[in-house]
Amino acid sequence: MEESISHEYDLDEILSIAQSIAREAGERALALRESGELAQNFKESVELVTSADLEVSALIGARIQAAFPEHAFFTEESEGAAAARPDLVEPTWVIDPIDGTVGYARGHFQFCISIAFCVGGRIQVGVVSCPALGEVFTATRGGGAFLNGERIQVSGTSSLENSLVATGFPHGWEGIDRLARRLGAVRSRCRDIRRSGSCAFDLCWVACGRIDAYYEEDIKAWDLAAGKLIALEAGARYGFFADDARDELPEIRGYATIATNPQVYHELLEILDTRGDRAS
Ligand code: LIP
């Protein structure tokens, strides 16, 4: 299957198109923010969505349709995206036009344009552009992971005690006591905690070794798809710390995700999941 995919699809060409779309989208996101005219609304009363999320989503969708009219795509802003359960068998793009919207709207640098190309049930290409930092992370399945064209790999930190661990929290307050308990348990065993506000950003920082581990209970396919491939191709170990509560395709499952350098995986997993390692 893997071999036939690389025969049927030119992943390097797809990567190059995805990269140029991500760069254009990033420039547009920055320009919209600088214009000072961002409209802000809330989905389901808690989740921020700005006019830039919608505009950048439309821009990326239009570019993909123009380049690959036969491919399916869905973005965080697509209608029914939350309930969608794509099987990724046919060519499908999974996109977060702005991952880290809350920080983006407040002028932070930790936000990303996340674009993944999937086919044959797997993520094949991932691009995460961080326009405020001028950084673009890329990966193709089996082809390694890169930051601005330079090969990257996960950190060599060998113990959780010396690890920087990133995590995130859902937009609402549901389950906050459980999340806070878990955070306390992790914090008492690691060097420190980071919370960027963007899953794609955190996965890329695991990939390039700026942090050693990332976990989060409730992320979505569009948050993780590109970053997951980038982290894996950089040598990360990726898995789950609880049974799936959402019946998602494992390849793009966002429930109870853990991604770390392989050396600290078991130590962190033990804290998060007392039932032991049930990773992928
Ligand atoms: C964000 C995630 C992040 C999570 C935030 C939010 P959005 O996605 O990437 O990991 O902690 O609460 O869900 O909403 O900015 O696309």
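Conventions we followed
- Residues numbered from 1 in each chain as written.
- Predicted model: local features only at pLDDT ≥ 70, side-chain atom pairs only at ≥ 80, totals over all residues.
- Heavy atoms only, no water.
- Near = heavy atom within 4 Å.
- Polar contact = N/O pair within 3.5 Å; in protein donor to acceptor, adjacent residues only side chain to side chain.
- Areas by Shrake-Rupley, 256 points an atom, 1.4 Å probe, with all protein chains shown as cover.
- Helix = DSSP H or I, 4+ residues; strand = E, 2+ residues; numbered from the N terminus.
- Nonpolar A, V, L, I, M, F, W, Y, C, P; charged D, E, K, R; others polar.
- Domains from an automatic or database assignment.
- 1 Å grid on protein atoms, 1.4 Å probe; cavity = no way out; pocket = protein on both sides within 12 Å on 5 of 7 lines; lining within 4 Å.
- Points joined across faces, edges and corners; volume = space filled by probe spheres on them.
- Buried < 20%, exposed > 50% of the residue type's maximum accessible area, 1.4 Å probe, protein only.
- Contact = heavy atoms within 4.5 Å.

Details of the site of the ligand
And step 1. What surrounds the ligand is a group of 18 residues, the closest being Asp99, Gly100, Phe169, Cys199 and Glu216.
And step 2. Between the ligand and Cys199 there is a distance of 2.8 Å, counted from an oxygen atom to a backbone nitrogen or oxygen.
And step 3. Burial of the ligand by the protein chains amounts to 94% of its free accessible area of 380 Å².
And step 4. Going through the elements one at a time, strand 4 (92-99) and strand 12 (213-218) are the ones with two or more residues in the shell around the ligand.
And step 5. In terms of residue class, the shell around the ligand is made up of five nonpolar, six polar and seven charged.
And step 6. The residue makeup of the shell around the ligand includes at least three contributed by each of domain 1 (2-151) and domain 2 (160-272).

Side note on the layout of surface pockets
And step 1. Of the pockets and cavities examined, the second largest pocket occupies roughly 150 Å³.
And step 2. Residue classes in the lining of the second largest pocket are distributed as five nonpolar, two polar and one charged.

Regarding the environment of Ala39
And step 1. Along the polypeptide, Ala39 turns up in the loop between helix 2 (11-34) and strand 1 (40-43).
And step 2. Its relative accessible area of 38% is what places Ala39 among the partly exposed residues.
And step 3. Note: C-alpha distance between Ala39 and Ala52 (13 residues apart in sequence) is 7.9 Å.
And step 4. In contact with Ala39, not counting residues within four places along its chain, are Val49, Thr50 and Ser51.

Worth remembering: the numbers are spatial, not functional.
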